[in-house]
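# Structural overview
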Amino acid sequence: MSSLAQKLSEIVGAAFEEQGLPRELGDVRVSDRPDLAQFQCNGAMAAAKVAKKNPREVAQGVVDTLNSHAEFEKIEIAGPGFINLNVTDEFLQNHLKSVAQDERLSVLRMGGETVMLDYGGPNIAKPMHVGHLRASIIGDSLRRICKFGGYNALGDVHMGDWGTPMGMIISELEERGALGQPLTMDDLEEIYPKAAAACKEDEARMERARDATRKLQDGDPEYRSAWQQFIDVSIDGMKKNFDALGVHFDLWEGEASVHELIAPMADDLKAKGVAVESEGALVIEVEEKDDKKEMPPLILYKSDGAVMYGTTDLATIVDRVQKYNPAKILYVVDQRQGLHFEQVFRAARKGGLVSDATELTHAGFGTMNGQDGKPFKTRAGGVMRLEDLIAMGIEKAQARLNEADLAADMNEQERGTIAHKVAIAAIKFADLSNNRISDYVFDLDQMTAFEGKTGPYLLYQAVRIKSLLRKAADQGADVGDAFVIQDQDRALALLLTELPDHFVLALKNYTPHVLCDYAFKLAQAFSSFYASCHILSEEDAALRGSRLALCDLVQKQLALILGLLGIAVPERM
Ligand code: ARG
């Protein structure tokens, strides 16, 4: 099972092959001129080069073969040699029937291998900022997409829990004589900024923080137990935030989890001659001769013996390969860390830490900006905490629900739940609908609107279709198991055959926005269909059944896609 365009590619590909031409040239896609045709194949132009013929002549040869196929209602050659195609309603009806009967809605399962996704990446004791928000939202969606694609997808939060900030907190606690005493998240949030500021001002304090970090990493029992305590407290806080956001992790590992692997890894890399001494430090040269930009070596140990960000990332690769043997490791991290990941990947390959078959990808993302075009901050200019952002979203969602007179008959608690869902849908969709590489402006007014390309609009449409289907069931009007396509139904029916193509692109390029675009198009097509067709009021039972089946399919596709985006749909609204 596949998309309709894929099915047609098979047929047209075979026709190219019959002409002695490469099969791939028969690739068919949805026409970019729907006024002229439903589908198009542009392969004749490239084929003409291979066959040293005129493109229209090549196209004619293919069309002659296609003419014997009953699937097509219209076959035309346009311009220099485009092949324009319309399918018969019968073919479309049969295809839709198979989509409706398939619980995967005709999306193929790709691979069963393990894919590890590294996202979230919050740092202990520091509030999560908007960069972590993007990493969490995009990463969690990619995890869901990989999982639906058939992979064993594992999301790892990869906390920053091992660097100098840990030593800063420990030395501040020592200063206060409070090391080892019970601690809350509020305490941590008060302590860390003070400690960081003190270290910035006073080099002696900074030195103590570095010493404490080293002692902690070397396994000092008192420091380790204090550290474990603030890790536990922080994880509790993070879990609350991630739960509210609907972001899931399978693994709660961090930089510290791989500490024991660092020394043996460094020894191995030294023995292989990959890690070398340089000015007292231990480094891996990763420069290659075609490099256009500067490519500094990856530092394993600084001259003072401290390990770096790259060191823990390399050891994490060793750990992941040992434990899970992943086919792919995907890092959903701010694209400004691109150089870092390039160094890490090169070092991992050079050191033979991963097999050539293992894909290492940095799926980077752009910045979430405020209305002023600068990275999003609170009004006071500080970091926006995730829980405050969600609270702001909920407040706005409440107002929007009131304006639109939605959820009006519900009690306080139910309305609260709906507002939460609307807020999360707004925040996630606004983030995911942009190409992840682009920067975007965080605009709460725009993203919470029930009109336009927004999460709330899609939720509203999904809920509306659910309620239509409930009403149909109440009236004893059945969702048909066969389709009857008339002029008003055709645009929606054709669109519903596209899902697998969009899914494949989103999975291949790690681009959830492709699914957002399709979901929005689908919701709009449904709106036009709903406005121009009789559905419940249709007297012809077969046509009514078919239209309800179209509604049902729209509902299922929207629910699937919103699920892949990490957006929960309420029953009513
Ligand atoms: N903690 C890091 C930060 O806040 C992000 C971690 C990303 N993941 C990784 N494997 N380096 O920038």
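Shown above is the structure to which this text applies.
All of the points below concern the structure found in this document.

Reading guide: rules and limits
Residues numbered from 1 in each chain as written. Predicted model: local features only at pLDDT ≥ 70, side-chain atom pairs only at ≥ 80, totals over all residues. Heavy atoms only, no water. Pairing = 2+ DSSP bridges. Helix = DSSP H or I, 4+ residues; strand = E, 2+ residues; numbered from the N terminus. Axes fitted to C-alpha atoms, helices over the stretch in contact; angles between N-to-C directions. Contact = heavy atoms within 4.5 Å. Near = heavy atom within 4 Å. Polar contact = N/O pair within 3.5 Å; in protein donor to acceptor, adjacent residues only side chain to side chain. Areas by Shrake-Rupley, 256 points an atom, 1.4 Å probe, with all protein chains shown as cover. Nonpolar A, V, L, I, M, F, W, Y, C, P; charged D, E, K, R; others polar. Patch = residues over 30% accessible without salt bridge, like charges linked within 9 Å, V, L, I, M, F, W, Y side chains within 5 Å. Salt bridge = Lys/Arg side-chain N within 4 Å of Asp/Glu carboxyl O. Buried < 20%, exposed > 50% of the residue type's maximum accessible area, 1.4 Å probe, protein only. Right-handed = clockwise from strand over helix to strand, strands pointing away. Arc of directions from axis to C-beta. Parallel < 35°, antiparallel > 145°, perpendicular 65-115°, else oblique. Phe/Tyr/Trp six-rings, centres within 6.5 Å; stacked < 30°, edge-to-face > 60°.

### Things to note about the sheet that holds strand β6 (residues 152–156)
- Pairing in this open sheet of four strands is parallel, and the strands run β6-β5-β10-β11 from one edge to the other. Looking at which strands have only one partner, the edges of the open sheet turn out to be β6 and β11 (359–362). Between one strand and the next, the sheet's axes are offset by a mean angle of 15°, whatever the strand orientation.
- Sheet contacts for helix α12 (residues 338–350): β10 (328–331) and β11; angle to β11, the most-contacted strand, approximately 170°.

### Side note on the site of the ligand
- Around the ligand, the neighbouring residues are Asp-118, Gly-121, Asn-123, His-132, His-158, Tyr-309, Asp-313, Tyr-331, Val-333, Gln-337 and Phe-341.
- Between Asn-123 and the ligand, the recorded distance is 2.8 Å, taken from a side-chain N or O atom to a nitrogen atom.
- Within the side chain of His-132, an N or O atom sits 3.0 Å from an oxygen atom of the ligand.
- Alone, the ligand offers 350 Å² of accessible surface; in the complex the protein occludes 88% of this.
- Of the residues belonging to the shell around the ligand, the class tally is four nonpolar, five polar and two charged.

### A few points about a nonpolar patch on the surface
- Taken together, Leu-108, Met-110 and Val-504 make up a surface patch of nonpolar side chains, about 230 Å² in accessible area.
- You can see Met-110 is positioned in the loop between α4 (89–101) and β5 (114–118).
- Judged by its relative accessible area of 38%, Met-110 is partly exposed.

### Topic: unusual backbone geometry
- One non-glycine residue, His-158, adopts positive backbone phi at about 40°.
- Turning to its location among the elements, His-158 is positioned in the loop between β6 and α6 (164–175).
- Although it is not a glycine, Asp-405 adopts a positive phi angle of roughly 55°.

### Here we look at the pairing of β10
- Side chains Lys-328 and Leu-330 project from β10 onto one buried face, and the interleaved Ile-329 and Tyr-331 project onto a second face that is buried too.
- Relative to β10, β5 is paired through four bridges, and the arrangement is parallel. When the sheet's bridge partners are listed, Met-116 is paired in β10 with Ile-329.
- Where the polypeptide runs from β10 across α12 and back to β11, its parallel neighbour, the crossover connection is right-handed.

### Topic: the environment of Arg-109
- Within the fold, Arg-109 resides in the loop between α4 and β5.
- Linking Arg-109 and Arg-415, residues 306 residues apart in sequence, is a C-alpha distance of 38 Å.
- Excluding residues that lie within four positions of it along the chain, Arg-109 makes contacts with Arg-104, Gly-149 and Gly-150.

### Quick notes on helix α2 (residues 43–51)
- Residues Gly-43, Ala-44, Ala-47 and Ala-48 constitute the buried set of α2. Viewed end-on, α2 has its buried residues packed into an arc of 135°, placing them on one side of the element.

### Side note on the sheet that holds strand β8 (residues 281–284)
- Strand order across the open sheet formed by three strands is β7-β8-β9, with antiparallel pairing between neighbours. Lying at the two open borders of the sheet, with one neighbouring strand each, are β7 (275–278) and β9 (298–301). Taking the axes of each pair of neighbouring strands and ignoring which way they run, one obtains an average angle of 40° across the sheet.
- This element, helix α11 (residues 309–324), spans β8 and β9 of the sheet and lies at about 85° to β9.

### Considering the pattern of salt bridges
- In this structure the tally under the stated criterion is 42 salt bridges.
- As a salt-bridge pair, Asp-89 and Arg-490 come within 2.8 Å of each other at their nearest N and O atoms. One end of the pair, Asp-89, is in helix α4; the other, Arg-490, is in helix α17 (residues 487–495), with 401 residues separating them in the sequence.
- Between Glu-571 and Lys-466 there is a salt bridge; the shortest N-O distance is 3.0 Å. On the criterion of sequence distance, the pair formed by Glu-571 in the segment after α20 (541–565) and Lys-466 in helix α16 (residues 455–474) is long-range, its members being 105 residues apart.
- Note on Glu-571: relative accessible area 48%, which makes it partly exposed.
- By relative accessible area, Lys-466 is classed as buried at 15%.
- Linked through salt bridges whose partners overlap, the residues forming this network are Glu-172, Glu-175, Arg-176, Glu-190, Lys-194, Arg-205 and Arg-208.

### Let's talk about the side chain of Ser-9
- Structurally, Ser-9 is set in helix α1 (residues 4–18).
- In this structure the side chain of Ser-9 is engaged in a polar contact, spanning 2.8 Å, whose partner is the backbone oxygen of Ala-5.
- Excluding residues that lie within four positions of it along the chain, Ser-9 makes contacts with Gly-26, Asp-27 and Val-28.

### Some words on the packing of α6 against helix α7 (residues 185–201)
- Contact geometry of α6 with α7 gives a least axis separation of 9 Å together with a crossing angle of 100°. Relative to α7, the element α6 lies roughly perpendicular. Residues Pro-165, Met-168, Ile-169, Glu-172 and Leu-173 of α6 touch α7, and the partners they reach there are Leu-188, Ile-191, Tyr-192, Ala-195, Ala-196 and Cys-199.
- A class-by-class count of the residues in the contact of α6 with α7 yields ten nonpolar, no polar and one charged.

### Some points on α17
- Within the sequence span of α17, burial applies to Asp-489, Leu-492, Ala-493, Leu-494 and Leu-495.
- The inward-facing, buried residues of α17 abut α1, β2 (39–41), α4, α18 (499–509), α19 (513–532) and α20.

### Description of the packing of aromatic side chains
- Tallying each qualifying case throughout the model produces 14 aromatic pairs.
- Measuring from ring centre to ring centre gives 4.8 Å for Phe-242 and Phe-249, while their planes differ by 70°; the resulting arrangement is edge-to-face.
- Overall, Phe-242 belongs to the buried group, its relative accessible area being 1%.
- Centre to centre, the rings of Phe-249 and Trp-252 are 5.5 Å apart; their planes meet at 70°, and the pair counts as edge-to-face.
- Linked through ring pairs, Tyr-119, Phe-242, Phe-249 and Trp-252 together constitute an aromatic cluster.

Everything listed is a geometric property; what it means functionally is a separate question.
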